Amino acid sequence: MSLQYDVLIVGAGIAGSALAHALSQSSAPQRRIALLERSLAEPDRIVGELLQPAGVAFLDKLGLQGALEGIDAIPVHGYAVVQDGRIVHVPYPDGREGRSFHHGLFVQGLREHAVRAKGVDVIEATVNELMEEEGRVVGVKATRSSGKEKEVFRADLTVIADGCFSNFRSTVQGPSARPSNTKSHFCGAILKDARLPISQHGTVALVRGHGPVLLYQISEHDTRILVDVKGPVPSDLKKHIIAEILPSLPNQLHEPIRAALATDRVRRMPNSFLPPSPQTNKRGVILLGDAWNMRHPLTGGGMTVALSDVYILSQHLDKINDLLDWSQMKDVLDKWWWERKGLAATINIMSVALYDVFGADGECLTIFQNGCFKYFERGGESVRGPVSLLSGIAPSTSLLAYHFFFVAIYSIWVLFAHPRRIRAPRTNSESDMNGNPDTTGNGGAHTDEKHSDMHIMQIPSILDYPRLFWLSCRVLWTACAIFGPLLWTEIRWW
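Parameters at a glance
- Residues numbered from 1 in each chain as written.
- Predicted model: local features only at pLDDT ≥ 70, side-chain atom pairs only at ≥ 80, totals over all residues.
- Heavy atoms only, no water.
- Buried < 20%, exposed > 50% of the residue type's maximum accessible area, 1.4 Å probe, protein only.
- Helix = DSSP H or I, 4+ residues; strand = E, 2+ residues; numbered from the N terminus.
- Arc of directions from axis to C-beta.
- Contact = heavy atoms within 4.5 Å.
- pLDDT = per-residue confidence, 0-100.
- Patch = residues over 30% accessible without salt bridge, like charges linked within 9 Å, V, L, I, M, F, W, Y side chains within 5 Å.
- Areas by Shrake-Rupley, 256 points an atom, 1.4 Å probe, with all protein chains shown as cover.
- Salt bridge = Lys/Arg side-chain N within 4 Å of Asp/Glu carboxyl O.
- Pairing = 2+ DSSP bridges.
- Axes fitted to C-alpha atoms, helices over the stretch in contact; angles between N-to-C directions.
- Polar contact = N/O pair within 3.5 Å; in protein donor to acceptor, adjacent residues only side chain to side chain.
- Core = buried A, V, L, I, M, F, W, Y, C linked by side-chain atoms within 4.5 Å.
- 1 Å grid on protein atoms, 1.4 Å probe; cavity = no way out; pocket = protein on both sides within 12 Å on 5 of 7 lines; lining within 4 Å.
- Points joined across faces, edges and corners; volume = space filled by probe spheres on them.
- Nonpolar A, V, L, I, M, F, W, Y, C, P; charged D, E, K, R; others polar.

> What's the story with helix H6 (residues 254–263) in this structure? I'm lost.
Among the residues making up H6, those that are buried are His254, Pro256, Ile257, Ala260 and Leu261. Take H6 and look down its axis: the buried residues cluster within an arc of 165 degrees, on one side only. Of the residues in H6, the exposed ones pointing more than 90 degrees away from the buried face are Glu255, Ala262 and Thr263. Looking at the buried positions of H6, the neighbouring elements they touch are strand E11 (181–192), strand E14 (222–229) and helix H5 (237–245).

Encoded structure:
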């Protein structure tokens, strides 16, 4: 037995559910669409819970704004960036708003729209394999959750949107497939009735010697915490968070975090980067969403890119009369490839570049991180520009390059012009102005709890300049070494 459809979508997550609904609204003759999902139970994930303002806008364009209703979604007005007890406010420009929510509730809302859409069959089934005839994918074999036998689902076009752990990515991409790179892991839990530094804002805490920590409210009483942990992941994550991370977070979060760790398990998710590659290897099938393109979740841009891709792709598929005509489909894929570049490339590059800076691994990146924080403290365009890029409001790789290298140069200026921390002696009667310098340019003396040493501030002297000039060259080189390869992954089209 086989069922025939016009479009077959594998995976009813963000991208798959949104595409099923979008195609059902087509002005072309009504198409039969099958949306296959292994489990239609509410997903339980620790990422995909913050939708940037541009993502909210695409949701509206797709007619899916109802997916945010009735799920206790929280308005998000920007970010609070925390470093060494200091907080800088990074608001979205022009009153724009994002939304944060429980991932599973949002996905269920999208699925409900797909279920109600005309011509869409939502089927709970596990896809076992792709079916090919004469070098073309013509459908899939899948097993329904209520049965044991494999069924054949045929379609003119098959869309693979089965997420970051896609089972079919390499089959579809073939030789053009690019390897994914796991930068770190997010380890997450839910805090109860936590009070963030700025209400209805995401919080990014910069922790010296470790990756950043994200916190954002996802319902009236729940706040998500995501701790970035670089490999190898400690065997006792709870102990690691309490000993290494907690002291760097705002005091009002300590008790909620301790309570969550005492009662909840810490779950982890790999933070992977997968640049997009052209989809011309196999006829009859395309990849969508994280199955095709992933970026670091630090910037919360994944769902925005997915909804943008769905919107652009559905607009072009709307104009095709025959989905079996692969010459027309190749034109669609080419147009989609280039039209998505502005937003997707900006968010892809920024996610990894910002993670490298906020994760500060080494002296040069620590200088860069400190310069970035002080750049935000300037306010004005130094905040508006970067947050417009991060939120998807200003999709421009040239604007991203401008701010990224401006921050690098500003970091060098901070290195020379701002006081730096140096380690003072243990007793008040001694003075060691030539102690181990911390060239990050941070302000404010404080006690290092680990070593019980006091830090004092000192303006660099002319004797420090030769070393600082050398550090400046290394910082600029580091900026180029981060941005250049990321830009290349987006420029490549072969």
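On we go from here.
> Hey, could you run me through the confidence of the model for the chain in this one?
For residues with low pLDDT, the predicted coordinates do not support detailed interpretation. Looking at the chain as a whole, its pLDDT mean stands at 92, while 93% of the residues score no less than 70. Note on residues 428–452: pLDDT under 50 across the span, and 62 contacts to partners over four residues away in sequence or across chains.

> Mind showing me how you'd approach a nonpolar patch on the surface here?
A grouping of Ile462, Leu463, Tyr465 and Phe469 is seen on the molecular surface, where their side chains present a nonpolar patch of about 480 Å² in accessible area. Ile462 sits in the exposed class, given a relative accessible area of 64%.

> Help me understand the sheet that holds strand E13 (residues 213–217), please; the structure alone is not making it clear to me.
One open sheet holds the seven strands; their spatial order is E6-E5-E12-E13-E14-E11-E15, and the pairing between them is mixed. Looking at strand neighbours, the two that pair on one side only are strand E6 (86–91) and strand E15 (267–273), the edges of this open sheet. On average, each strand axis in the sheet is inclined to that of its neighbour by 20 degrees, with strand direction left out of account. Two strands pair when backbone bridges link them, and strand E12 (residues 202–206) and E13 are joined in this way by three bridges, in the antiparallel orientation.

> What's the story with the environment of Lys192 in this structure? I'm lost.
For Lys192, the location among the structural elements is in strand E11. For Lys192, a relative accessible area of 53% corresponds to the exposed category. Along the chain, Lys192 and Pro297 lie 105 residues apart, while their C-alpha atoms are 23 Å from each other. Setting aside residues up to four positions removed in sequence, Lys192 forms contacts with His221, Asp222 and Pro256. A polar contact is formed between the side chain of Lys192 and the side chain of Asp222, at a distance of 2.6 Å.

> I'm lost on the nonpolar core in this one. Help?
Among soluble globular proteins, nonpolar side chains are generally buried collectively. One finds Leu36, Phe106, Phe153, Leu288 and Leu317 to be the most contacted residues of the largest nonpolar core, which totals 74 residues. It is helix H7 (residues 302–317) that provides the largest number of residues to this core, a total of eight residues. Setting aside chain neighbours within four positions, we find Leu36 in contact with Leu8, Ile9, Val10, Gly11, Ala12, Ile123, Val127, Val140, Ala142 and Phe153. With 52 residues, the next largest nonpolar core counts Leu214, Leu365, Cys372 and Phe373 among its residues.

> Got a minute to help me understand empty space enclosed by the protein in this structure?
Gaps left between atoms show up when a probe the size of a water molecule is rolled over them. The full count for this structure, using the stated rule, is five cavities of 30 Å³ or more. In this structure, the largest cavity encloses a volume near 310 Å³. Met350, Leu354, Cys372, Phe376 and Pro386 are, among the 22 residues lining the largest cavity, the residues nearest its centre. Secondary structure elements with two or more residues in the lining of the largest cavity: strand E5 (78–83), helix H9 (341–359), helix H10 (363–377), helix H11 (381–390) and helix H12 (397–417). Tallying contributions element by element places H9 first for the lining of the largest cavity, with five residues. Of the residues assigned to the lining of the largest cavity, the class counts are 21 nonpolar, one polar and no charged. By volume, the second largest cavity amounts to about 50 Å³. If you trace the second largest cavity, you find it lined by Cys187, Gly188, Ala189, Leu191, Ile225, Val227, Ile241, Ile257, Ala260, Leu261 and Val266. Elements represented by at least two residues in the lining of the second largest cavity include exactly E11, E14 and H6.

> Whenever I open this one, the pairing of E15 confuses me. Can you help?
For a regular strand, side-chain orientation follows a simple rule: the groups alternate between the two sheet faces. Taking burial as the measure, the seven residues of E15 include five buried ones, the bulk of the element. Relative to E15, E11 runs antiparallel, the two sharing seven bridges. What sits directly across from Ser184, in E15, is Asn271.

> Explain the pattern of salt bridges to me, please; I cannot follow it from the model alone.
Close approach of charged atoms lets side chains of opposite charge pair. Tallied over the full model, the rule gives 19 salt bridges. For Glu151, the salt bridge is made with Arg144, and the minimal N-O distance between the two is 2.7 Å. Given a relative accessible area of 26%, Arg144 falls into the partly exposed group. Salt-bridge contacts for Lys183 lead to Asp356; the nearest nitrogen and oxygen are separated by 3.4 Å.

> So what exactly am I meant to see when it comes to unusual backbone geometry here?
The phi torsion of most residues other than glycine is negative, and most of the peptide bonds are trans. With an omega of -5 degrees, the peptide bond running from Gly231 to Pro232 counts as cis. Backbone geometry places Asp72, a non-glycine residue, at a positive phi of 60 degrees. With respect to the helices and strands, the residue Asp72 is situated in the loop between helix H2 (53–61) and strand E4 (74–76). Classification of Asp72 by relative accessible area gives partly exposed; the value is 40%. For Gln200, which is not glycine, the phi torsion reads 55 degrees and is therefore positive.

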